[in-house]
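Chain by chain, the residues:
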Amino acid sequence: MYTHGTSRVNDLGHLEIGHVDSVDLKEQFGTPLYVYDVALIRERANDFVQAFKKRGIKAQVAYASKAFSCVAMVQLAKELDLSLDVVSGGELHTALVAGFPVEKIHFHGNNKSPFEIDMAVEAGIGCFVVDNFWEIELLKEAAKKYKRKVSVLLRITPGVEAHTHEYISTGQEDSKFGFDLISGQAEEAILKVNDGEAFDMLGFHCHIGSQIFETTGFVMTVEKVFSYLAEWKSKLGYTPQVLNLGGGFGIRYIEGDTPLPVSHYIDATIDAVEAQSTKLGIEIPEIWIEPGRSLVGDAGTTLYTVGSEKEIPEVRHYLSVDGGMTDNLRPALYQAKYEAMIANRSHDTKQETYSIAGKCCESGDMLIWDIALPFAKAGDILAVSCTGAYGYSMANNYNRIPRPAVVFVENGQSTLVVKRETYKDIVQLDLQLNGNSLEK
Ligand SMILES: Cc1ncc(COP(=O)(O)O)c(C=O)c1O
Ligand SMILES: N[C@@H](CCCC[NH3+])C(=O)O
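Here is a short report on the structure shown in this document. (Residues numbered from 1 in each chain as written. Chains lettered and ligands numbered in written order. Predicted model: local features only at pLDDT ≥ 70, side-chain atom pairs only at ≥ 80, totals over all residues. Heavy atoms only, no water.)

Some remarks on helix α1 (residues 22-29)
When we look at burial in α1, the residues that qualify are Ser22, Leu25 and Phe29. Projection of α1 onto a plane perpendicular to its axis shows the buried side chains occupying an angular sector of 50°, all on one side. Exposed residues on α1 whose side chains face more than 90 degrees from its buried face are Glu27 and Gln28. Sitting at the amino-terminal end of α1 is Asp21, which places a side-chain oxygen 2.8 Å from the backbone nitrogen of Val23. Looking one or two residues past α1, Gly30 carries a phi angle of roughly 80°, positive in sign. (Buried < 20%, exposed > 50% of the residue type's maximum accessible area, 1.4 Å probe, protein only. Helix = DSSP H or I, 4+ residues; strand = E, 2+ residues; numbered from the N terminus. Arc of directions from axis to C-beta. Polar contact = N/O pair within 3.5 Å; in protein donor to acceptor, adjacent residues only side chain to side chain.)

Structure representation (structure tokens):
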């Protein structure tokens, strides 16, 4: 297993993260356990911030909290001077509880409810990334109700779709998100929003996909958007103050994944913006981005305890762990691939090929197919790397399995930041609904 950030194997042959031994982590907090290498999150955030600073570009780096949201993570984002992207009332509530500066919160979503919109306008968040005409109407009402102007970016679908390595320019956009360019929806939205009354129209947003390993898609997007900016400048007299280019910067999950250094993505994007600005005579806007996966993905490791095994001669050797698709849905949902190691015996020779199964009543609940590991036995610790993004945030209670705890590790210290769910938590809401009490 590739060791990211501060992860390393110590003299005992144990995996250490943040200078904390995984054997101690298992003992203290139990498994499954999400472990976050805080130093690596700091490093990743700093890479993004510095990439813009170096170029002297006015920017906001907003952490896409959908990748991993909890109070401690939002507080870390605040400490790192990031802005915050939220996509639901729940993520917004987490941000508010965490004391995140409201003016640096950006609210996304293709179906924000009237309640969520009220909540965000009342809180005075920094900006809405407006997705559709219904939202414009809801925002107008909320602006009136709270007697305040609402800052907005319009989300547009640039017709550049990133399929990881492959870019497809779509003539006809087909996405549930944002305003379409070709049909004229985006222009209609500008006219509605740029009224000087309810709204302060800051500019535009677009996002082309996730886990992207090249700069081409970002450059194509900038070129496409600027061609429209030129049109809107001459036709409507509108020039944006902000251009938000979304997230999507790839990370290394397994060998063969080839992410670029953060500065390459940012430099290519800034180069494209500068070139287009000069060519079309449009003032350089502030550039905002929204990385999620690339800030927290490789900083997360999940520790499991090995349980049963099943060997089918000449077919497969299944090794089951105490978690699975409930704490990491990505293999089942996207056939996502991960690396792993036996964290308490890392020096042992890899002699067996195992397939790592979860404990859910579902054949598709497999975390890894065919991985070489030392002979493993019940009680061993299996560490799966790179689970920091969309692991905990997509965790679920299938089979009424409680969600794992989350621990931050740094400089030899471990801090529990989310408690492990209990069986009591699992039944709590049903019991309340039935007028029963937990004591019964
Ligand atoms: C609008 C928007 N912004 C940001 C992100 C974060 O993407 P990533 O985690 O790939 O950086 C996403 C997710 O794809 C998104 O939909
Ligand atoms: N949840 C996805 C990414 C979705 C990104 C949000 N638009 C993943 O795990 O890779």
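As for the sheet that holds strand β2 (residues 15-17)
With respect to topology, three strands assemble into an open sheet ordered β1-β2-β3, the strand pairing being antiparallel. What marks the edges here is a single partner per strand, and that holds for β1 (8-9) and β3 (20-21). Sheet analysis places β1 next to β2, joined by two bridges and oriented antiparallel. Residue Arg8 lies in a different strand from β2, and its bridge partner there is Glu16. (Pairing = 2+ DSSP bridges.)

Let's talk about the side chain of Asp180
Following the sequence through the fold, Asp180 ends up in strand β12 (residues 179-180). It turns out Asp180 is buried and unbridged, and the closest side chain with the opposite charge, Lys224, is 8.3 Å from it. At 2.5 Å, the side chain of Asp180 and the side chain of Ser183 are in polar contact. (Lys, Arg positive; Asp, Glu negative; His and termini not counted. Salt bridge = Lys/Arg side-chain N within 4 Å of Asp/Glu carboxyl O.)

What to know about the packing of aromatic side chains
Inspection of the entire model under this criterion finds 16 aromatic pairs. Taken together, a centroid distance of 5.3 Å and an interplanar angle of 50° make the contact between Phe48 and Phe249 tilted. Residue Phe48 is located in helix α2 (residues 38-54), and its partner Phe249 is located in the loop between β14 (242-244) and α9 (262-280); the two are separated by 201 residues in the primary sequence. Note on Phe249: relative accessible area 2%, which makes it buried. Look at Tyr253 and Tyr338: their rings are 5.4 Å apart centre to centre, the planes differ by 85°, and that puts the pair in the edge-to-face class. Pair noted here: Tyr253 is in the loop between β14 and α9 and Tyr338 is in the loop between α11 (330-334) and β18 (340-342), with a separation of 85 residues, a long-range link. Given a relative accessible area of 4%, Tyr253 falls into the buried group. By relative accessible area, which is 6% here, Tyr338 ends up buried. Members of the aromatic cluster, joined through ring pairs, are Tyr34, Tyr36, Phe68, Tyr392 and Phe408. (Phe/Tyr/Trp six-rings, centres within 6.5 Å; stacked < 30°, edge-to-face > 60°.)

A closer look at the site of ligand 2
Lys66, Arg293, Arg330, Tyr334, Tyr390 and Met394 make up every residue found near ligand 2. Measuring from an oxygen atom of ligand 2, one finds a side-chain N or O atom of Arg293 at 2.7 Å. Measuring from a nitrogen atom of ligand 2, one finds a side-chain N or O atom of Tyr334 at 2.9 Å. The protein chains hide 72% of the 310 Å² of surface that ligand 2 would expose on its own. Grouping the constituent residues of the shell around ligand 2 by class yields three nonpolar, no polar and three charged. (Near = heavy atom within 4 Å. Areas by Shrake-Rupley, 256 points an atom, 1.4 Å probe, with all protein chains shown as cover. Nonpolar A, V, L, I, M, F, W, Y, C, P; charged D, E, K, R; others polar.)

Structural notes on the nonpolar core
Among the nonpolar cores identified, the biggest contains 92 residues, and Tyr63, Phe68, Phe128, Phe204 and Val296 are the most heavily contacted of them. Once residues lying within four places of it in the same chain are set aside, the contact partners of Phe204 are Leu153, Leu154, Ile156, Ile190, Leu229, Trp232, Tyr238, Pro240, Val242, Leu243 and Asn244. In this structure, Ile251, Tyr304, Val321 and Cys386 belong to the second largest nonpolar core, which totals 20 residues. (Core = buried A, V, L, I, M, F, W, Y, C linked by side-chain atoms within 4.5 Å. Contact = heavy atoms within 4.5 Å.)

So, the packing of helix α6 (residues 133-145) against helix α7 (residues 185-193)
Helix packing geometry: the angle between the two helix axes and the distance between the axes. Between α6 and α7, the shortest axis-to-axis distance is 11 Å and the interhelical angle comes to 5°. Between α6 and α7, the angle is such that the two are roughly parallel. In this structure, α6 contributes Phe133, Ile136 and Lys140 to the contact, and α7 contributes Gln185, Glu188, Ala189, Lys192 and Val193. Its residues assigned to classes, the contact of α6 with α7 shows four nonpolar, one polar and three charged. (Axes fitted to C-alpha atoms, helices over the stretch in contact; angles between N-to-C directions. Parallel < 35°, antiparallel > 145°, perpendicular 65-115°, else oblique.)

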